[in-house]
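# Summary of the model geometry
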Amino acid sequence: VARQLLYGDSHHSKDIQIIDADTFKPVGKLDVGFPTDDVVGSHDGRMVFGNAGIPNGTPIGQPDAGMVYGISTATNKIVWWCAIPGMPQHLTVSLDDKRLYVPALDKNYIYVVDTASGRIVDTWFSVMGNHGTELSPDGKHLYVANLFTRAIYSYDVGTGQVARIYRAREAVRPFKIDRDEKRIYYQLSNFHGFEVQDLGSGQIVKVVDLPKLAPGQGADANGTVDHGLAITP
């Protein structure tokens, strides 16, 4: 009988935790060996994909090499590894589950990985600072948030070219697009809250300030205050 499983990355213990979604009890873990950062599932539930950074003593404090890997949900084993030139960030899977989009924080590229073989099949020219990614509801555009340029880029997945740029007032953290692809909701560095931008006009239509934080609970050294949001169906 099939069961619902939750896969969670554990950065400090360098593994993927596997949780039974009905009992909320751990049922296993996968040792990756390097600090994990993100994990996403395929739409058909057959695969899970994760990333990890490889510490290599760079002076900037962030590893400039990494990997992505594919996990079979039938066996809960890693079936392929793929070396990534750069620090891989938040992952997104294409609607047909054939491609994994991998942005690199410290390189001018977005890598496209074949989910069956685990090989890089395309490289899109981009700009340093890529962090979060989100596929449009119709699967035709990949939105990529940037920490350095304070913008969100919309890429045509057919060509790998930038279709449009949306400007923000700070480094863009995680974001979500509504299912009509009319508005984008995004978090910013050094800001406790989020903004809403109209994708048609590119205008900010709402700024939401969340309740004031207690002393000492503000941004960390990287400017992170809020990191992660979701929209209900």
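Scroll up for the structure.
Residues numbered from 1 in each chain as written. Predicted model: local features only at pLDDT ≥ 70, side-chain atom pairs only at ≥ 80, totals over all residues. Heavy atoms only, no water.

### What about the sheet that holds strand E1 (residues 5-10)?
By way of backbone hydrogen bonds, the strands of a sheet pair with one another, either parallel or antiparallel. Taken in spatial order, the three strands of this open sheet run E1-E2-E3, and their pairing is antiparallel. Edge positions in the open sheet fall to E1 and strand E3 (26-31), since each of these has one partner strand only. If you compare each strand with its neighbour and ignore which way they point, the axes differ by 20 degrees on average. With six bridges connecting them, E1 and strand E2 (residues 15-20) associate as antiparallel partners. The residue of E2 that forms the bridge with Ser 10 is Asp 15. (Pairing = 2+ DSSP bridges. Helix = DSSP H or I, 4+ residues; strand = E, 2+ residues; numbered from the N terminus. Axes fitted to C-alpha atoms, helices over the stretch in contact; angles between N-to-C directions.)

### Let's talk about the sheet that holds strand E12 (residues 130-135)
Taking strand neighbours across the sheet as the criterion, the four strands line up as E12-E13-E14-E15 in an open arrangement whose pairing is antiparallel. In this open sheet, the two strands that pair with only one neighbour each are E12 and strand E15 (162-167). Mean inter-strand twist for the sheet, computed between neighbouring axes without regard to direction, equals 20 degrees. Where strand E13 (residues 141-146) meets strand E14 (residues 151-156), six bridges bridge the pair, whose relative direction is antiparallel. Across the sheet, the residue bridging to Asn 146 is Ala 151, located in E14.

### Re the pattern of salt bridges
Under the definition given, this model contains six salt bridges. Across the pair Glu 195 and Arg 169 runs a salt bridge, and its minimum N-O distance is 2.4 Å. Of this pair, Glu 195 sits in strand E18 (residues 193-198) while Arg 169 is found in the loop between E15 and strand E16 (172-177), placing the two residues 26 residues apart along the sequence. Judged by its relative accessible area of 1%, Glu 195 is buried. Exposure remark for Arg 169: the relative accessible area of 42% places this residue in the partly exposed category. A network of salt bridges, in which partner residues are shared, links Asp 15, Lys 29 and Asp 31. (Salt bridge = Lys/Arg side-chain N within 4 Å of Asp/Glu carboxyl O. Buried < 20%, exposed > 50% of the residue type's maximum accessible area, 1.4 Å probe, protein only.)

### Re the side chain of Thr 92
With respect to the helices and strands, the residue Thr 92 is situated in strand E8 (residues 92-93). Beyond its immediate chain neighbours, meaning those up to four positions away, Thr 92 contacts Arg 99, Leu 100, Tyr 101, Thr 133, Glu 134, Leu 135 and Leu 142. (Contact = heavy atoms within 4.5 Å.)

### A look at the nonpolar core
Counting residues in each nonpolar core, the largest one holds 14 residues, and the members touching the most others are Phe 49, Val 68, Trp 80, Ile 84, Leu 100, Val 102 and Val 113. Elements with a minimum of two residues in this core: strand E5 (47-53), strand E7 (77-84), strand E9 (99-103) and strand E10 (109-114). If you tally residues by element for this core, the top one is E7, at three residues. Residue contacts for Phe 49: discarding those within four places in its chain leaves Asp 38, Val 39, Val 40, Ser 42, Tyr 69, Gly 70, Trp 80, Leu 91, Val 93, Leu 100 and Thr 115. Counting 13 residues, the second largest nonpolar core, distinct from the first, contains Ile 152, Val 172, Leu 188 and Leu 199. (Core = buried A, V, L, I, M, F, W, Y, C linked by side-chain atoms within 4.5 Å.)

### Some details on the side chain of Arg 173
Within the secondary structure, Arg 173 is located in strand E16. For Arg 173, the side chain forms a polar contact with the main-chain oxygen of Asn 222, separated by 2.8 Å. Ignoring anything within four residues of it in the chain, the contact list for Arg 173 reads His 131, Ala 145, Leu 147, Gln 187, Leu 188, Ser 189, Asn 222, Gly 223, Thr 224, Asp 226 and His 227. (Polar contact = N/O pair within 3.5 Å; in protein donor to acceptor, adjacent residues only side chain to side chain.)

### What about the packing of aromatic side chains?
Summed over all chains, the structure comprises eight aromatic pairs. On the basis of an interplanar angle of 50 degrees and a centroid distance of 5.4 Å, the ring pair of Tyr 69 and Trp 81 is categorised as tilted. On the criterion of sequence distance, the pair formed by Tyr 69 in strand E6 (residues 66-72) and Trp 81 in strand E7 is long-range, its members being twelve residues apart. The class for Trp 81 is partly exposed, based on a relative accessible area of 44%. Ring geometry for Tyr 153 against Tyr 155: centres 6.4 Å apart, planes inclined by 40 degrees, an arrangement best described as tilted. (Phe/Tyr/Trp six-rings, centres within 6.5 Å; stacked < 30°, edge-to-face > 60°.)

### Focus on the pairing of E10
Counting buried positions along E10 gives five out of six residues, so the element sits mostly inside the fold. Summarising the sheet, E9 and E10 pair through five bridges and their orientation is antiparallel. Bridge pairing in E10 links Arg 99 to Asp 114. In sequence, E9 turns back onto E10 through a hairpin of five residues. Of the pairings in the sheet, the one linking E10 to strand E11 (residues 120-125) comprises five bridges and is antiparallel in character. Note that in E11 the partner of Ile 110 across the bridge is Trp 124. The loop that links E10 with its antiparallel partner E11 comprises five residues; one of these, Gly 118, has a positive phi angle of about 75 degrees.

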